[in-house]
Each structure stands twice: as C-alpha cells, then as structure tokens.
Amino acid sequence: MVIKVLGSGCANCKKLEENAKKAVEELGIDATIEKVQDFAEIMKYGVMKTPALVVDEKVVIMGRVAKADEIKKHLK
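The text that follows walks through the structure, step by step, so that each part is easy to find. (Residues numbered from 1 in each chain as written. Predicted model: local features only at pLDDT ≥ 70, side-chain atom pairs only at ≥ 80, totals over all residues. Heavy atoms only, no water.)

Regarding the overall build of the protein chain
Here is step 1 of the chain: Across its full length, the protein chain carries 3 helices and 4 strands.
Here is step 2 of the chain: In sequence order, the secondary structure elements of the protein chain are arranged as β-α-β-α-β-β-α.
Here is step 3 of the chain: What you see for the protein chain is a C-alpha radius of gyration of 11 Å, in line with the 11 Å of a compact globule of 76 residues.
Here is step 4 of the chain: Seen along its three principal axes, the alpha-carbon backbone of the protein chain occupies a region of about 30 × 20 × 15 Å.
Here is step 5 of the chain: Counting the 76 residues in the protein chain, one finds 36% classified as buried.
Here is step 6 of the chain: The contacts in the protein chain between residues at least 6 apart in sequence include a share of 65% that link residues at least 24 apart.
Here is step 7 of the chain: Counting every atom, the protein chain has about 4600 Å² of accessible surface; 48% of that belongs to carbon and sulfur.
Here is step 8 of the chain: Separation of charge centres in the protein chain, based on 14 positive and 12 negative side chains, amounts to 6 Å. (Helix = DSSP H or I, 4+ residues; strand = E, 2+ residues; numbered from the N terminus. Rg over C-alpha atoms; globule rule 2.2 N^0.38 Å. Buried < 20%, exposed > 50% of the residue type's maximum accessible area, 1.4 Å probe, protein only. Contact = heavy atoms within 4.5 Å. Areas by Shrake-Rupley, 256 points an atom, 1.4 Å probe, with all protein chains shown as cover. Lys, Arg positive; Asp, Glu negative; His and termini not counted. Charge placed at Lys NZ, Arg CZ, Asp CG, Glu CD.)

Brief notes about unusual backbone geometry
Here is step 1 of the chain: The peptide bond linking Thr 50 to Pro 51 adopts the cis configuration, its omega dihedral lying at 5°.
Here is step 2 of the chain: Mapped onto the elements of the fold, Pro 51 is located in the loop between α2 (39-44) and β3 (52-55).
Here is step 3 of the chain: Unusually for a residue other than glycine, Asp 56 sits at a positive phi of about 45°.
Here is step 4 of the chain: Within the secondary structure, Asp 56 sits in the loop between β3 and β4 (58-62).
Here is step 5 of the chain: What makes Asp 56 partly exposed here is its relative accessible area of 45%.

Some details on the environment of Gly 7
Here is step 1 of the chain: Mapped onto the fold, Gly 7 is located in the loop between β1 (2-6) and α1 (11-27).
Here is step 2 of the chain: Given a relative accessible area of 4%, Gly 7 falls into the buried group.
Here is step 3 of the chain: Put simply, Gly 7 and Leu 53 are 46 residues apart on the chain and 9.1 Å apart in space, counted from C-alpha to C-alpha.
Here is step 4 of the chain: With residues up to four places along the chain from it excluded, the contact list for Gly 7 reads Cys 13, Val 36, Gln 37, Ile 42 and Thr 50.

A look at the sheet that holds β3
Here is step 1 of the chain: In space, the 4 strands of this open sheet follow the order β2-β1-β3-β4, with mixed pairing throughout. Of all the strands in the sheet, the pair left with one neighbour each is β2 (32-36) and β4. Put simply, the sheet's adjacent strands are angled 25° from each other on average, direction ignored.
Here is step 2 of the chain: Pairing analysis gives 5 bridges linking β1 to β2, with the strands arranged parallel. If you follow Lys 4 over to β2, its bridge partner there is Glu 34. (Pairing = 2+ DSSP bridges. Axes fitted to C-alpha atoms, helices over the stretch in contact; angles between N-to-C directions.)

Listed below in structure tokens is the structure:
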C-alpha cells in the first residue's frame, strides 16, 4: 500500500503525515508513506486544497487534517 500526503509542508501537512503514520502503526499494516510537495504533481490528483491524503492513487481526504481513526477507515 502506498500512502501519499499532498501539501506544501505546512503545519497541517505535517500533522496529517503524523496521523497517517499513527494509523498505519496501529493497524500493523505494511505501507509506504510519501510526501508530495510539488504543486504540478499535486494538481495531477485534482486536489485544489491541501493537505490531502492519497491511498493507492485515490484521493480519500482533501483540504483538512484527518485524525488517525478516520484514516484507519480508509486503510482497511
């Protein structure tokens, strides 16, 4: 599983990344978490508001910081 955190590297982007790592750890799954900060790459996903979370190339959260419990629902 590949999880991508899309954003500029702002505080909200970092918090979303932390929450994604926590969700992966709590579920005990094998996943790679990548940060995507290039706006041209972010635009390819159709994301207009960051931070965003992409799971296996599908945008599941956009424009807000989701808590680990919500992220876990998208990873199951």
